[in-house]
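Remarks on the overall topology
Chain by chain, the residues run as shown.
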Amino acid sequence: MPAEGRTRCFSFVQTYDTRSKRRLFELLKSQGMQANQQVTFLTDGGEDVRELPLYLNPQAEHVLDWFHLAMRLTVMGQMAKGLGSRGRQDLARNLTRQLERLKWFLWHGNLFRALQIVEDLEEDLQLEEASPEQRKLLRAIREFDGYLRGNRAWIPNYGERHRNGATISSAFVESTINQVVSKRMVKRQQMR
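The shown structure was predicted, so the numbers you read here are calculated from the model rather than taken from an experiment.

Each aromatic ring pair is specified by the distance between its two centres and by the angle formed by the two planes. All chains considered together, the criterion is met by five aromatic pairs. Pairing W66 with W107 gives two aromatic rings, centres 5.0 Å apart and planes at 70°, and the pair type is edge-to-face. Of this pair, W66 sits in helix α3 (residues 66–84) while W107 sits in helix α4 (residues 89–107), placing them 41 residues apart in sequence. Ring centres of W107 and Y158 lie 6.4 Å apart, and the angle between their planes is 20°; on these two criteria the pair is classed as stacked. One end of the pair, W107, is in helix α4; the other, Y158, is in helix α7 (residues 158–163), and 51 residues separate them in sequence. Clustering of aromatic rings is evident, with ring pairs tying together W66, W107 and Y158.

Encoded structure:
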């Protein structure tokens, strides 16, 4: 972000205080952010942060964080594989294959095809004799459909961005946060 060309990364929790937008704006400004400077915001896609980049910097780029997309897909993939242990091996294999295709289309920024696959997955799971596990996966897929549609403007071609060296994920931030929380929890346990 600074003029020297160094990249800086910041993160914040919206609910930490009542003036989080203003506080983040002041932090970016104190670090040398110019009014017309290109800033990239990687977000989890939550409704409360969708408009934040526009508020902070009209020139900002908003990108849905690949880490959050991939985590949701991983959870749904595990749910689909679990159906195989319930005697639905064919359904489990089909759903797993479809989820891999969904991930591929999202990685390449093809939201149109990704949404088609989501619709196909919903149809495959809308069975009258659906098990509780299938209904749970169907619910997760429907939520994912809403998540994709709500963030459609901020889903880039992740593969292209990655090949060009652009940041696509906040996994490094998530990892740091997990390490800090883990250390604090260990300290608390020792204090008891």
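There's more to say after this.
L69, L102, L106, L137, F144 and L148 are the most contacted members of the largest nonpolar core, which totals 34 residues. Contributing elements (two or more residues each) for this core: β2 (61–64), α3, α4, α5 (111–125) and α6 (132–150). Counting residues per element, this core draws most heavily on α3, which supplies eight residues. In terms of nonpolar packing, the next biggest core, distinct from the first, is built from eight residues, L28, M33, V39 and L56 among them.

Thresholds applied
For every chain, the first residue of the written sequence is number 1, and numbering continues from 1 along that sequence. In view of the model being predicted, local features appear only for residues whose pLDDT reaches at least 70, and side-chain atom pairs are presented and counted only at 80 or more, with totals across whole chains, interfaces and linings using the full set of residues. Neither water nor hydrogens contribute to the side-chain values; these are computed over all heavy atoms in the structure. Two aromatic rings from Phe, Tyr or Trp, using only the six-membered ring of Trp, form a pair when their centres are within 6.5 Å; if the ring planes differ by under 30 degrees the pair is stacked, by over 60 it is edge-to-face, and anything between is tilted. Working definition: helices are DSSP H or I runs of at least four residues, strands are E runs of at least two. Numbering for both runs from the N terminus. To define a nonpolar core, start from buried Ala, Val, Leu, Ile, Met, Phe, Trp, Tyr and Cys residues and group those joined through side-chain atoms within 4.5 Å. Note on exposure labels: buried denotes an accessible area under 20% of the residue type's maximum, exposed denotes more than 50%, and partly exposed covers the range between, all computed with a 1.4 Å probe on protein chains only.

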